[in-house]
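# A closer look at the structure
If you want the building blocks of each chain, they are given just below.
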Amino acid sequence: VQLQASGGGSVQAGGSLRPSCVATGNTVAIVSKGWYRRAPGKQRELVAEIESGGSTHYGDSVKGRFTISEIKDKNAWYLEMTSLKPEDTADYYCGADVSPLAGIRYKNWGQGTLVTVSS
């Protein structure tokens, strides 16, 4: 599975962005889709995740501000980011958990897309 992310950018605090990710290859093996971020000097952290059954999970710092959604027939998902804060500045990565066979599960990553929020 290959992932292609796009849609980062620079905004002022309070603004919105909507990065998206498109998957190609063995997409039927994808069991969850997500967004992660790595801020300067920090470890990568979960931003949002959506599982194949539709349940979603969010990092505490983005709850109520970010929403993850998917477009299943296009093997795509996006992250609606609102009320952005300077602390949201980071490289954002889309990721997918892939399970091609029972008992096998691994994560594939797309390239990062930079989000910069100025005060």
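Look above for the structure.
Residues numbered from 1 in each chain as written. Predicted model: local features only at pLDDT ≥ 70, side-chain atom pairs only at ≥ 80, totals over all residues. Heavy atoms only, no water.

### Side note on the state of the cysteines
According to the stated counting rule, one finds 1 disulfide in the structure shown. Between C21 and C94 runs a disulfide, and the two sulfur atoms are separated by 2.2 Å. Since a negative S-S torsion denotes a left-handed disulfide, the C21-C94 link at about 55° is right-handed. With C21 in strand β3 (residues 20-24) and C94 in strand β9 (residues 90-98), this residue pair connects regions lying 73 residues apart in the sequence. Of the two residues, C21 and C94, neither departs from the other in class, the shared state being buried. (Disulfide = S-S within 2.5 Å. Helix = DSSP H or I, 4+ residues; strand = E, 2+ residues; numbered from the N terminus. Buried < 20%, exposed > 50% of the residue type's maximum accessible area, 1.4 Å probe, protein only.)

### Observations concerning the packing of aromatic side chains
For the structure on display, the rule yields 1 aromatic pair. Stacked on the ring of Y78, the Lys or Arg R18 has its end atom at 3.6 Å from the ring centre. Here K107 stacks its cationic end above the ring of W109, 5.7 Å away from the centre of that ring. (Phe/Tyr/Trp six-rings, centres within 6.5 Å; stacked < 30°, edge-to-face > 60°. Lys NZ or Arg CZ within 6 Å of the ring centre and 35° of its normal.)

### Some words on the nonpolar core
One finds W35, W77, L79 and Y92 to be the most contacted residues of the largest nonpolar core, which totals 28 residues. At 5 residues, the largest contribution of residues to this core is made by β9. Discounting chain neighbours no more than four positions away, the residues touching L79 are L17, R18, P19, W35, V47, A48, F66, T67, I68 and Y92. (Core = buried A, V, L, I, M, F, W, Y, C linked by side-chain atoms within 4.5 Å. Contact = heavy atoms within 4.5 Å.)

### Some details on the side chain of R65
Secondary-structure assignment places R65 in the loop between β6 (56-58) and β7 (66-71). On the basis of relative accessibility, which here comes to 10%, the residue R65 falls in the buried class. Among the polar contacts listed, one links the side chain of R65 to the side chain of D88, at a separation of 2.7 Å. Residues within four places of R65 in sequence aside, it is in contact with E80, M81, T82, S83, L84, K85 and D88. (Polar contact = N/O pair within 3.5 Å; in protein donor to acceptor, adjacent residues only side chain to side chain.)

### Here's the deal with the sheet that holds β3
Within the open sheet, the 4 strands sit side by side as β1-β3-β8-β7. Their pairing is antiparallel. For this open sheet the edge positions go to β1 (2-6) and β7, each flanked by a neighbour on one side alone. Taken pair by pair, the neighbouring strands of this sheet meet at an average axis angle of 15°, ignoring direction. Examined bridge by bridge, β7 and strand β8 (residues 76-81) share 6 bridges and lie antiparallel to one another. Bridge pairing links I71 to A76 in β8. (Pairing = 2+ DSSP bridges. Axes fitted to C-alpha atoms, helices over the stretch in contact; angles between N-to-C directions.)

### Some remarks on unusual backbone geometry
The phi dihedral of N75 is positive, around 50°, even though this residue is not glycine. Looking at where N75 falls in the secondary structure, it is placed in the loop between β7 and β8. Positive phi is not limited to glycine here, since S83 has a value of about 50°. Here S83 lies in the loop between β8 and β9. For S83, a relative accessible area of 41% puts it in the partly exposed group.

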